[in-house]
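Secondary and tertiary structure notes
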Amino acid sequence: MDAQSILYFALAFAVAVLAVVLSLALISLRGNVSRITRRLDESLRQLEMTAEDLRKTNASIREILSGVEKGVSNVTHFTEGIRSLRGTVDVAAKVLDHAVSPALVNIAGVLAGFKAATSHILERVGRKEERK
């Protein structure tokens, strides 16, 4: 065997080894790409599920906020009603203070005076009968 044949043989062997190494590397790379693809699919599914959960949560939160807004509206309406009623109550209290209370005091005074007068008259009549 001459040197040129050995060189061709060595080159052919090197090419064969290179082909085997490249095949193994490509097989390993294909496996890695396959694993990355599966993980990416899993991650995308998880992302879709999370997005769906967020959408449901968002809808629930919107319903809750809608209920809260209705509650706040009702409280505001109730408060405005109380304020308007308070004005009416204030007017009624002023009327009571300026008209009804003095009238009640006068009626109580009249009743007390009537009671005192009646008691005095009955006492005098009772004395007269005892003297007889």
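Anyway, here's the lowdown on the structure attached to this text. (Residues numbered from 1 in each chain as written. Predicted model: local features only at pLDDT ≥ 70, side-chain atom pairs only at ≥ 80, totals over all residues. Heavy atoms only, no water.)

**Thoughts on the overall build of the protein**
Across its full length, the protein carries 1 helix and 0 strands. What you see for the protein is a C-alpha radius of gyration of 53 Å, clearly larger than the 14 Å of a compact globule of 132 residues, by over 25%. Across its three principal directions, the C-alpha atoms of the protein cover 180 × 30 × 20 Å. Residue burial in the protein is summarised as follows: out of 132 residues, 0% are buried. Approximately 12000 Å² of the protein is accessible, and the part contributed by carbon and sulfur atoms is 66%. Across the protein, the 18 positively charged side chains and the 14 negatively charged ones have centroids separated by 10 Å. (Helix = DSSP H or I, 4+ residues; strand = E, 2+ residues; numbered from the N terminus. Rg over C-alpha atoms; globule rule 2.2 N^0.38 Å. Buried < 20%, exposed > 50% of the residue type's maximum accessible area, 1.4 Å probe, protein only. Areas by Shrake-Rupley, 256 points an atom, 1.4 Å probe, with all protein chains shown as cover. Lys, Arg positive; Asp, Glu negative; His and termini not counted. Charge placed at Lys NZ, Arg CZ, Asp CG, Glu CD.)

**Thoughts on the pattern of salt bridges**
Taken as a whole, this structure holds 1 salt bridge when the rule is applied. Across the pair Arg55 and Glu52 runs a salt bridge, and its minimum N-O distance is 2.6 Å. In this pair, Arg55 and Glu52 are both assigned in helix 1 (residues 3-131), 3 residues apart and thus about one turn of the helix distant. (Salt bridge = Lys/Arg side-chain N within 4 Å of Asp/Glu carboxyl O.)

**Quick look at a nonpolar patch on the surface**
Together, Ile61, Ile64, Leu65, Val68 and Val72 line one region of the surface with nonpolar side chains, adding up to about 440 Å² of accessible area. Here Val72 lies in helix 1. (Patch = residues over 30% accessible without salt bridge, like charges linked within 9 Å, V, L, I, M, F, W, Y side chains within 5 Å.)

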